[in-house]
Amino acid sequence: MTTSQMILFALLFAVFGLLIWGRIRYDLVAFGALIAAVILGVVPQDSAFDGFGHPATLIIALVLIVSRGLSNSGAVDLIARYFIDTGRSVSAHISIMAGLGAGLSALMNNVGALALLMPVDLKAAAQTKRSPAITLMPLSFATILGGLITLIGTPPNIIISSYREQNLGAPFRMFDFAPVGAACAIIGVAFVAFIGWRLLPRATLEREASKELFELGHYLVELRVGETSKAADKTLRELDEFCDAKDIAIVAVLRGGSRLPSYARWLKLQPADVLLVETDAKSLDAFVNELGLSYEQDEEMRRVPVGQAGAGEEAAKQRGELTLSEIVVRPGAMAEDRTAQALRLHDQMGVWLVGISREGRRITSRVRHTRLRAGDILLMMGPVDRLSEASEYLGGLPLAARGLQVTDRNKAFLAGGMFALAILLASFNLLYLPIALGAVVCGYVLANIVPLRTIYDTIEWPVVVLIGSLLPIGAALETSGGTELLAQGIVDVATGAPPWVVLTIMMVVTMTLSDVLNNTATAVIAAPVAVGVANALNVSPDPFLMAVAVAASCAFLTPIGHKNNTLIMGPGGYRFGDYWRMGLPLEIVVIAVAIPVILLVWPLTPGS
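**Q** Can you break down the side chain of Thr143 residue by residue, with the values?
**A** Mapped onto the secondary structure, Thr143 falls in helix α7 (residues 133–146). A relative accessible area of 0% means that Thr143 is categorised as buried. A polar contact is formed between the side chain of Thr143 and the backbone oxygen of Ser140, at a distance of 2.7 Å. A polar contact of 2.7 Å, which involves the side chain of Thr143, links it to the side chain of Asn564.

What follows is the structure, encoded as structure tokens:
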């Protein structure tokens, strides 16, 4: 093993270890590894940033913008509005929703497809009075499977196609993935609809994380500041430390019957001001007594449960037009790994975080000091018009369905038509795919389907940095002979076995990596190894590349293997160990379906 190979392997092991550890965000890990590789001399300086101009990086960024356009236009809502029917059985509902999710994911970003359909599924669960845990995991898995069908369905397919173009002279085309991907998606959707959901623990299937979150046991209380109150002549800022110690949130200040704006935190409280306080029963009386406050209403009316969706929400609105909203924290969101106190939610957005649900468990104590995680459900309270802005600010996904009303059907048809035309032109090689997608993005901006001010916010920059950083490292590993060394190791393990067995081993190894690593990172590293294995066996590399494409996307064992699995963790109330119960059999099903179809469509010996 050469010095360059040892350095690159050490860097990759460090990257894998840090990604599994999860304390440092994956884009920083990848970029740090790239800088270290350049400093150590294993990646040339003049090609260090070639990955950021790579076609795969550009396509992924453009697909994210196009997905936002399809969502904004109402094109997806136009389809989804017909799929809620409370009279269906669980299996029938999952079949329809999962099939729809898989179909959408074939043509748009699979995270975007889940984000659009999850509120629909939650609404259906509420209407039928069943736990959303029954249907959310099948929906997530289906959107992952649907991405296998086309080139733009999932980033690993784009990576594999670009790698084939660079090393074998031609890329995989738009629908080259369809025979294998569609077979896996169809069988996979059937599995999760009729068998998979039944494998989850009974306790999980009966859990309703959203309902538990709304049953916080906290109250909205109106307290009046008196002439002799210790709170008089103090600002809310000055009361912060005292409130934190008592786990009290002063949500709003009412003066003269009107709610003061957010800058009221710097205004001094006056006698006759009314504080709208969120707290639990145990902390309430001590808070009132120590500050010398008085209850604004009689005992029967003064305590209003925060969490009841009907009367509680109406009461909240009456107290300064406040209401409640649930959002789930997206992976990589600005709110991830930060506290509500650090985010300064009230100062910035005029809203309060009053509850957190994590893996089906409520966190109601010291919520403002709890570090938020991807997949957490946040119960937000504030003015109606500020809650949607707060969701965008935090990088969250609202869990309430948007009513499924398409405000402008013309834009829906325009957005869908422009996208369909671009795919058609790219499929027949009449237009280079990045150019076709770029034209769609320009059209969406000109038609105000994706406003120009939001276009850069639509791109998941951590993913772009990840790909741009890892591609030069992968190229250096290949140039140094490192991938050939790995490939030979896999071949040696399967000495004497037929090539289809080695193909299966390659798929299992890739799928295992994807369960704990980002699927894009897995594809970048596994693609050259797959070609090396094929060369060592003297067979066509296409079946091995196709196996890596499928395996890199099929991360079903953990909530960290794919963003969709993370997104459903809070709303479904799932625990870390719930995923493998449905995910492991599904991965076995995918391998059992994919291998024979790959060998049929992409034979090991070209021309056979």
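There is more to say, and it comes next.
**Q** Tell me about the layout of surface pockets, and please be specific about residues and values.
**A** Here the second largest pocket is characterised by a volume of approximately 1,400 Å³. As for the second largest pocket, its lining consists of 49 residues, and the residues nearest its centre are Pro331, Glu336, Ala374, Ile560 and Thr566. Elements with a contribution of two residues or more to the lining of the second largest pocket: α1 (3–21), α3 (55–72), α6 (110–128), α8 (155–168), α25 (519–537) and α27 (563–567). Its residues placed into classes, the lining of the second largest pocket shows 24 nonpolar, 13 polar and 12 charged.

**Q** Could you give an account of the environment of Gly489, naming the residues involved and the relevant values?
**A** Relative to the helices and strands, Gly489 is located in helix α23 (residues 482–493). Classification of Gly489 as partly exposed rests on a relative accessible area of 29%. On a C-alpha basis, the gap between Gly489 and Val533 in space is 8.9 Å, while along the polypeptide they are 44 residues apart.

**Q** I'd like a rundown of a nonpolar patch on the surface, residues and numbers included.
**A** Together, Leu421, Leu424, Phe428, Leu430, Leu431, Tyr432 and Ile435 make up an exposed nonpolar region whose accessible area comes to about 730 Å². Its place among the elements puts Leu421 in helix α19 (residues 409–427).

**Q** With reference to specific residues and values, describe the packing of α7 against helix α29 (residues 579–601).
**A** Axis separation between α7 and α29 bottoms out at 11 Å; the angle between their running directions is 30°. With respect to their mutual orientation, α7 and α29 come out roughly parallel. Considering only the axes of α7 and α29, their crossing is right-handed. In this structure, α7 uses Met137, Pro138, Phe141 and Leu145 to contact α29, whose residues at the interface are Tyr579, Met582, Gly583, Leu586 and Val590. Its residues assigned to classes, the contact of α7 with α29 comprises eight nonpolar, one polar and no charged.

**Q** Tell me about the nonpolar core, residues and numbers included.
**A** If you look at the biggest cluster of nonpolar residues, it comprises 153 residues, and the most contacted ones within it are Met507, Phe544 and Val590. Residue contacts for Met507: discarding those within four places in its chain leaves Ala547, Val550, Ala551, Val590, Ile591, Ala594 and Ile595. Counting 18 residues, the second largest nonpolar core, distinct from the first, contains Leu239, Leu275, Phe287 and Leu293.

Rules of the game
Residues numbered from 1 in each chain as written. Predicted model: local features only at pLDDT ≥ 70, side-chain atom pairs only at ≥ 80, totals over all residues. Heavy atoms only, no water. Helix = DSSP H or I, 4+ residues; strand = E, 2+ residues; numbered from the N terminus. Buried < 20%, exposed > 50% of the residue type's maximum accessible area, 1.4 Å probe, protein only. Polar contact = N/O pair within 3.5 Å; in protein donor to acceptor, adjacent residues only side chain to side chain. 1 Å grid on protein atoms, 1.4 Å probe; cavity = no way out; pocket = protein on both sides within 12 Å on 5 of 7 lines; lining within 4 Å. Points joined across faces, edges and corners; volume = space filled by probe spheres on them. Nonpolar A, V, L, I, M, F, W, Y, C, P; charged D, E, K, R; others polar. Patch = residues over 30% accessible without salt bridge, like charges linked within 9 Å, V, L, I, M, F, W, Y side chains within 5 Å. Areas by Shrake-Rupley, 256 points an atom, 1.4 Å probe, with all protein chains shown as cover. Salt bridge = Lys/Arg side-chain N within 4 Å of Asp/Glu carboxyl O. Axes fitted to C-alpha atoms, helices over the stretch in contact; angles between N-to-C directions. Parallel < 35°, antiparallel > 145°, perpendicular 65-115°, else oblique. Left-handed = near helix turned anticlockwise from the far one by under 90°. Contact = heavy atoms within 4.5 Å. Core = buried A, V, L, I, M, F, W, Y, C linked by side-chain atoms within 4.5 Å.

Without other data, these values stay purely geometric and don't point to any function.
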